[in-house]
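Here's the letter readout for the chains.
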Amino acid sequence: MKQLSIRTNSRSEMIDITRAVESVVEEANVRNGICYVFVPHTTAAVTINENADPDVPRDIIMELEKVIPYQDNYRHREGNSAAHVKASLIGSSETVLVEGGRLLLGTWQSLFFCEFDGPRTRKYVVKVVATGSETENRKS
Ligand code: ZN
């Protein structure tokens, strides 16, 4: 397991962490397996979406802010209920298959760390588990 640190720059933001997660897969030297990404925060999340057009994460953030406004009749005294709701909607983990030492993501997919109550220094953890390939499993 590896814990990584990330500095966010605004209140709501999606940061592409694919390269950093791939580095953990390379260090783990796993050819075939499963990669787990977990965000241990209640106001941040992780998701997979399009990396090619930066307007996609921007639009996701914009729509989330319409659906879950910062100001409402929230009771949570810390004043960041919107961030808690967004974090639960997006989720705190992702699972990506590892094949041939690489993350099995679609051409336009990236892993994004989602900040909903920044800017802050955050962390996320990555665990790579070797499972062997389909062919290797059949042989054993
Ligand atoms: Zn709170």
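The text that follows walks through the structure, step by step, so that each part is easy to find. Just so it is clear, the structure is predicted and the values come from calculations on it, not from any experiment. (Residues numbered from 1 in each chain as written. Predicted model: local features only at pLDDT ≥ 70, side-chain atom pairs only at ≥ 80, totals over all residues. Heavy atoms only, no water.)

Further remarks concern the coordination of the zinc ion. Protein coordination at the zinc ion comes from His76 (NE2), Glu78 (OE), Asn80 (OD1) and His84 (NE2), with a distance range of 1.9 to 2.1 Å. Classification of the site at the zinc ion as irregular follows from its 4 donor atoms and the range of 91 to 145 degrees in their angles at the metal. The sequence motif formed by the donor residues of the zinc ion is H-x1-E-x1-N-x3-H. (Donors = N, O, S within 2.8 Å, 3.2 Å for Na, K, Ca; no water. Tetrahedral: all angles 85-135°; square planar, octahedral: opposite > 155°, others 65-115°.)

The next subject is the sheet that holds strand 3 (residues 33–38). Strand order in this open sheet of 5 strands is 1-8-3-5-6, and the pairing throughout is antiparallel. What marks the edges here is a single partner per strand, and that holds for strand 1 (2–7) and strand 6 (102–103). Pairing geometry for strand 1 and strand 8 (residues 121–130), over 6 bridges, is antiparallel. Paired with Arg7 across the bridge in strand 8 is Thr121. Sitting on the sheet, helix 1 (residues 18–28) is in contact with strand 1, strand 3, strand 5 (93–99), strand 6 and strand 8, with an inclination near 40 degrees to strand 8. (Pairing = 2+ DSSP bridges. Helix = DSSP H or I, 4+ residues; strand = E, 2+ residues; numbered from the N terminus. Contact = heavy atoms within 4.5 Å. Axes fitted to C-alpha atoms, helices over the stretch in contact; angles between N-to-C directions.)

Another point: the packing of aromatic side chains. Under the definition given, this model contains 1 aromatic pair. Ring centres of Phe113 and Tyr124 lie 6.0 Å apart, and the angle between their planes is 45 degrees; this geometry places the pair in the tilted category. In this pair, Phe113 is assigned in strand 7 (residues 109–115) and Tyr124 in strand 8, connecting sequence segments 11 residues apart. Lying over the aromatic face of Tyr70, Arg11 brings its terminal NZ or CZ to 3.4 Å of the ring centre. (Phe/Tyr/Trp six-rings, centres within 6.5 Å; stacked < 30°, edge-to-face > 60°. Lys NZ or Arg CZ within 6 Å of the ring centre and 35° of its normal.)

With 5 of 7 residues buried, strand 4 (residues 44–50) lies mostly within the body of the structure. Two elements, strand 4 and strand 7, share 7 bridges in a ladder whose sense is antiparallel. Across the sheet, residue Glu50 finds its bridge partner in strand 7, namely Gln109. (Buried < 20%, exposed > 50% of the residue type's maximum accessible area, 1.4 Å probe, protein only.)

With that settled, consider the sheet that holds strand 2 (residues 13–16). Judged by pairing direction, the sheet is antiparallel, and its 3 strands sit side by side in the order 2-7-4 without closing on themselves. If you trace the sheet from one side to the other, it starts and ends with strand 2 and strand 4, each paired once. Strand-to-strand twist in this sheet, taken as the mean axis angle between neighbours without regard to direction, amounts to 35 degrees. Here helix 3 (residues 81–90) sits on the sheet and contacts strand 4 and strand 7; the angle it forms with strand 4, its principal contact strand, is near 50 degrees.

Moving on, we get to the pattern of salt bridges. Any two side chains of opposite charge can pair, on the condition that their charged atoms come close. Considering all chains together, one arrives at 9 salt bridges under this definition. The salt bridge involving Asp59 is made with Arg58; its shortest N-O contact spans 2.7 Å. The partly exposed category is assigned to Asp59, whose relative accessible area is 34%. Close ionic contact of Glu63 with Lys66 constitutes a salt bridge, the shortest N to O distance being 2.9 Å. Of the two residues, Glu63 and Lys66 are both situated in helix 2 (residues 55–67); the distance of 3 residues between them amounts to about one turn of the helix. Look at Lys66 and you get exposed, because its relative accessible area is 55%. What emerges from the salt-bridge pattern is a single network uniting Arg19, Glu22, Glu26 and Arg102. (Salt bridge = Lys/Arg side-chain N within 4 Å of Asp/Glu carboxyl O.)

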